[in-house]
Amino acid sequence: RAPGILTGVRVLVSAGPTFEDIDPVRFLGNRSSGRMGFAVAEAAARQGAQVTLVAGPVHLPTPAGVRRINVRSACEMHREVMAAAASADIFVAAAAVGDYRPVAVAEHKIKKQGDGGMTLCLTQNPDILAEVAALPRRPFLVGFAAETQDVEAHARLKLEKKRLDMIAANRVGGGLGFEADDNALTLIAADGAEHLPTASKRELARSLIERITARFNASRRD
Ligand code: C5P
């Protein structure tokens, strides 16, 4: 295969949802299909990158040439991402990591009690991307922001708050985003924004990898 634009570059991608177990039969999850992150991993590998994909619970085939590590919960994803992040050149965080998990996982199935409601106590999960951003030798960081409203404004705030190099923002719902084949992204960096119109996630991933590579190369020249 001809050398690609990412030959020799180590790319770490997180993808999919996280599942937070409540008891042996129940969990808290979200609607992320993992398709955007898997497409990014595939596009990076096709460009010659050494790709590690930390995948939440999804039923998707592993893209060719990609090293895949399966995880279930946010804590597991945190552990695997931190282990790989120190030796990564680029980290694309496309996973939809649950913000909270149950304080404790019940050993046995929780039984219905009386006729009233029930309260589940939750605790916050680690912010994986923010922790990678705080590493002394941090990779080039690309985050995703899935929003249902004020997409660009929320994404800009996240870019600054999480100290990212780039963020890919998308509106979820209406046939785009979660559980959909197509997506549309607005790429935002400190110095500007670019809109990538509706396309398949594979096409979008190819464009995204081109933009990331250009900025990553520029950052290495600085
Ligand atoms: O959840 P939020 O919209 O803030 O996620 C934005 C970005 O942060 C995404 O790239 C996501 O993968 C990442 N993230 C993370 N760890 C979390 C929450 C989000 O890495 N606990």
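See the structure printed just above.
The model shown is predicted, which means the values in this text are computed figures rather than measured ones.

(A) Examining the pattern of salt bridges more closely. Throughout the structure, instances matching the rule amount to 14 salt bridges. As a salt-bridge pair, D191 and R215 come within 3.0 Å of each other at their nearest N and O atoms. Of this pair, D191 sits in the loop between β11 (182-189) and β12 (192-200) while R215 is found in helix α5 (residues 201-221), placing the two residues 24 residues apart along the sequence. By relative accessible area, D191 is classed as exposed at 60%. A cluster of three or more residues bridged by salt bridges with shared partners is formed by R10, D89 and R137.

(B) Just the site of the ligand, in detail. The environment of the ligand is formed by A93, A95, V97, P126, D127, I128, L129, G143, F144, K158 and K162. Backbone polar atom of I128 to a nitrogen atom of the ligand: 3.0 Å apart, as the coordinates give it. Calculation on the ligand without its partners gives an accessible area of 440 Å², and the protein chains cover 85% of this total. Contributing elements (two or more residues each) for the shell around the ligand: α3 (128-133) and β9 (140-147). Of the residues in the shell around the ligand, the class split is 7 nonpolar, 1 polar and 3 charged.

(C) Spotlight on α5. Taking 1.5 Å per residue as the helical rise, α5 with its 21 residues ought to reach 30 Å, and the 30 Å between its terminal C-alpha atoms agrees with that figure. Those residues of α5 hidden inside the fold are in contact with α1 (35-46), β6 (90-93), β9, β10 (166-171), β11 and β12.

(D) Highlighting the environment of S219. Mapped onto the secondary structure, S219 falls in helix α5. Classification of S219 by relative accessible area gives partly exposed; the value is 33%. Remark: the alpha-carbon pair of S219 and L12, spanning 207 residues in sequence, is separated by 17 Å.

The rules behind each value
Residues numbered from 1 in each chain as written. Predicted model: local features only at pLDDT ≥ 70, side-chain atom pairs only at ≥ 80, totals over all residues. Heavy atoms only, no water. Salt bridge = Lys/Arg side-chain N within 4 Å of Asp/Glu carboxyl O. Helix = DSSP H or I, 4+ residues; strand = E, 2+ residues; numbered from the N terminus. Buried < 20%, exposed > 50% of the residue type's maximum accessible area, 1.4 Å probe, protein only. Near = heavy atom within 4 Å. Polar contact = N/O pair within 3.5 Å; in protein donor to acceptor, adjacent residues only side chain to side chain. Areas by Shrake-Rupley, 256 points an atom, 1.4 Å probe, with all protein chains shown as cover. Nonpolar A, V, L, I, M, F, W, Y, C, P; charged D, E, K, R; others polar. Expected span 1.5 Å × (residues − 1). Contact = heavy atoms within 4.5 Å.

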